[in-house]
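Reading the structure
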Amino acid sequence: MKLGQFFLLGRKTEEAREKAEIVLEKEPGNIDAHFLQMGVLIQEGKPDEATEVLKKVTSLDEKNIKAYLALASIAGRQKQPAEAKNYLDMAVAASPDDPTPRLALARFHEQRGEYQEAEKEIREAVFRNPENEMILGGLGNFLVRRGDLKGAETAYLKMEQLAPDKVSPKMTLGAFYASQKDWEKALQWTEKARELQPEN
């Protein structure tokens, strides 16, 4: 399978297809081989056939988030937003606590100007993953885009509290305050980041 993926990366679709077919002949339920097959079809410009392969994956594994997200991506590229949302909802339902599908759904809503729905999904991801500082950072970024600077500041500060030994949250706070021309706080957080990594 690794060789097949290598061929796919090199856009050698014939060779990649052969590898997938060899595996599927022996193991019809091999999900990795189906994904390889899907990748070949996408590169060949056959999204409808790729969709059928992915549907087969979901029939083999009803909780395969990767397949639902790929189906949503294909539907999105084909200008089928209702279909894309349906697959994103299925991905969330397959693993409600996994932030990946929920954040993908949030991006879908944001791109369509459905900001309340987007924020709801991000906050739900935060609620279900209270120790994941990266999701809080994502919430902060979303709130900055929406002009809610106080809410963004709160999210960034919580992110830093969750990961006091990491440089990234402190740099994010430094950049946030710099964007607000609050140079004192910007310098304060930049210095705190530098203290963690003086060699950087």
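As the structure is a computational prediction, the values presented were derived from the model and not from experiment. (Residues numbered from 1 in each chain as written. Predicted model: local features only at pLDDT ≥ 70, side-chain atom pairs only at ≥ 80, totals over all residues. Heavy atoms only, no water.)

1. Notes on the overall build of the protein chain
What the protein chain contains, in helices and strands, is 12 helices and 0 strands. Ordered by position in the sequence, the α and β elements of the protein chain form the string α-α-α-α-α-α-α-α-α-α-α-α. Whereas a compact globule of 200 residues would reach a radius of gyration of roughly 16 Å, the protein chain reaches 21 Å, over 25% beyond that. Taken along its principal axes, the extent of the C-alpha atoms in the protein chain is 65 × 40 × 25 Å. Burial analysis of the protein chain (200 residues in total) assigns 40% to the buried set. Of the accessible surface of the protein chain, which amounts to about 11,800 Å², a share of 51% is contributed by carbon and sulfur atoms. (Helix = DSSP H or I, 4+ residues; strand = E, 2+ residues; numbered from the N terminus. Rg over C-alpha atoms; globule rule 2.2 N^0.38 Å. Buried < 20%, exposed > 50% of the residue type's maximum accessible area, 1.4 Å probe, protein only. Areas by Shrake-Rupley, 256 points an atom, 1.4 Å probe, with all protein chains shown as cover.)

2. Focus on the packing of aromatic side chains
In the structure shown here, the tally under the stated rule is 2 aromatic pairs. Judged by centre distance (5.4 Å) and plane angle (65°), the ring pair of Tyr156 and Phe176 falls under edge-to-face. Pair noted here: Tyr156 is in helix 10 (residues 149–162) and Phe176 is in helix 11 (residues 167–179), with a separation of 20 residues, a long-range link. Taken individually, Tyr156 and Phe176 each receive the classification buried, so the pair is uniform in this respect. (Phe/Tyr/Trp six-rings, centres within 6.5 Å; stacked < 30°, edge-to-face > 60°.)

3. Here we look at the packing of helix 10 against helix 11
Close contact between helix 10 and helix 11 brings their axes to 9 Å; oriented N to C, the two are set at 160°. Taken together, the axes of helix 10 and helix 11 lie roughly antiparallel to each other. Crossing hand, helix 10 versus helix 11: left-handed. Together, Leu149, Ala152, Glu153, Tyr156, Leu157, Met159 and Glu160 of helix 10 and Pro169, Lys170, Thr172, Leu173, Phe176 and Tyr177 of helix 11 make up the contact between the two elements. A breakdown of the residues in the contact of helix 10 with helix 11 according to their chemical character gives 9 nonpolar, 1 polar and 3 charged. (Axes fitted to C-alpha atoms, helices over the stretch in contact; angles between N-to-C directions. Parallel < 35°, antiparallel > 145°, perpendicular 65-115°, else oblique. Left-handed = near helix turned anticlockwise from the far one by under 90°. Contact = heavy atoms within 4.5 Å. Nonpolar A, V, L, I, M, F, W, Y, C, P; charged D, E, K, R; others polar.)

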